[in-house]
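# Report on the structure
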Amino acid sequence: TAQLSELKADGWYLAAEISCAVDTLLATKTPETALRDGSGNVYADGSGSWVDPWNRTVRSYTVELCQDLLRMGFDEIILKHVAHPNAEVRYTRDVASSLNRTACAMNFAIAVREALDKDLKASGAHLCASVNHDVLTLDGASNGQILDNFLKVFDRLIISTATYSDDVSA
């Protein structure tokens, strides 16, 4: 916190990124928060192990992390993996089974935003989301991220681009 205060005093803009639905450590330490595959195992892909965005513990944990960062003086919090895996999974709450991926991602986003709203206003900080570049060209339904919906919840969107190559010799 002391180092962050020094950076703020020097005029630095501080942003922190939190991974929300992909959290291998949380899924391992509290397996009751994890999404499950068809065999009942913790669902994991190339990003890591997924936790259930419908789970109240996951939501509370995310909100508490954000509140800690706001107290430390961060100007912006970027939520990464506010999404649904591109797979069929089993949830920790029955209510989620009847809803689609978009509802899952949006419900999580709205719940976190509402829980943080007072803290964000008091600090003047921004709540942002990192989204996949496909959200610009597709409907986002594969992972639940819909551009128009996210623009209503988040102050800014950070859009991950496709792989870039600086090789211009071709």
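As the structure is a prediction and not an experimental result, all values here were calculated from the model. Here the residue numbering is sequential within each chain, running from 1 through the sequence in written order. Given that the model is predicted, a residue must reach a pLDDT of at least 70 before its local features are reported, and side-chain atom pairs must reach 80 or more before they are shown or counted; all residues, however, enter totals for whole chains, interfaces and linings. Water and hydrogen atoms were dropped before computing side-chain values, which therefore reflect all heavy atoms in the structure.

## Some thoughts on the nonpolar core
In these notes, a set of buried Ala, Val, Leu, Ile, Met, Phe, Trp, Tyr and Cys residues joined through side-chain atoms within 4.5 Å is what counts as a nonpolar core. For every residue, the accessible area (1.4 Å probe, protein chains only) is compared with the maximum for its type, and the residue is labelled buried under 20%, exposed over 50%, or partly exposed between those bounds. Core analysis: the largest hydrophobic core is formed by 34 residues, its most contacted members being Ile77, Leu79, Val82, Leu116, Leu127, Phe150 and Phe154. Numbered from the N terminus, helices here are DSSP runs of H or I no shorter than four residues, and strands are runs of E no shorter than two. When residues of this core are traced back to their parent elements, those giving at least two are strand 1 (15-19), helix 2 (24-29), helix 3 (56-72), strand 4 (76-80), helix 4 (101-123), strand 5 (126-132) and helix 5 (147-153). Contacts of Phe154, omitting those with residues within four sequence positions, involve Leu79, Val82, Ala109, Arg113, Leu127, Cys128 and Ala129. Listed in part, the 11 residues of the second largest apolar core include Tyr43, Ala83, Val89 and Cys104. Any two residues having at least one pair of non-hydrogen atoms within 4.5 Å are treated as being in contact.

## So, the sheet that holds strand 1
Sheet strands pair by backbone hydrogen bonding; their relative direction is either parallel or antiparallel. If you walk across this open sheet you meet the four strands as 1-4-5-6, and the pairing is parallel. Here the strands that pair on one side only, and so sit at the sheet edges, are strand 1 and strand 6 (156-160). When the angles between neighbouring strand axes are averaged without regard to direction, this sheet yields 25 degrees. Two strands pair when backbone bridges link them, and strand 1 and strand 4 are joined in this way by five bridges, in the parallel orientation. Of the residues in strand 4, the one forming a bridge with Ala16 is Ile77. Note on geometry: axes are C-alpha line fits, over the in-contact stretch for helices, and angles between N-to-C directions span 0 to 180 degrees. Along the sheet, helix 3 contacts strand 1 and strand 4; its crossing angle with strand 4, the most-contacted strand, is approximately 155 degrees. For two strands to pair, DSSP has to find at least two bridges joining them.

## Overview of unusual backbone geometry
One non-glycine residue with positive phi stands out, namely His81, at about 60 degrees. Relative to the elements of secondary structure, His81 occurs in the loop between strand 4 and helix 4.

## Focus: the pattern of salt bridges
Salt bridge, as used here, is a side-chain nitrogen of Lys or Arg placed within 4 Å of a carboxyl oxygen of Asp or Glu. Here the structure, examined in full by the defined rule, presents seven salt bridges. The residue Glu88 makes a salt bridge to Arg101 at a minimum N-O spacing of 3.4 Å. Of the two residues, Glu88 sits in the loop between strand 4 and helix 4 while Arg101 sits in helix 4, which places them 13 residues apart along the sequence. For Arg101, a relative accessible area of 18% translates into the label buried. One salt bridge in this structure joins Asp117 and Arg113, with 3.7 Å as the shortest N-O distance.

## Quick notes on the environment of Asn149
Its place among the elements puts Asn149 in helix 5. Relative accessible area serves as the criterion here: at 23%, Asn149 is assigned to the partly exposed category. For Asn149 and Ala115, which are 34 residues apart along the polypeptide, the C-alpha to C-alpha distance reads 18 Å. Setting aside residues up to four positions removed in sequence, Asn149 forms contacts with Thr102 and Met106.

## Section: the pairing of strand 5
With five of seven residues buried, strand 5 is to be regarded as a mostly interior element. Pairing geometry for strand 4 and strand 5, over four bridges, is parallel. Opposite Ile77, over in strand 5, you have Leu127 as the bridge partner.

## A look at the confidence of the model for the chain
Residues of the chain with pLDDT of at least 70 account for 91%, and the chain-wide mean is 90. The quantity called pLDDT is the predictor's confidence in a given residue, expressed from 0 to 100. When pLDDT is averaged over each helix and strand of the chain, the minimum, 88, is found for helix 1 (residues 2-9) and the maximum, 98, for strand 4.

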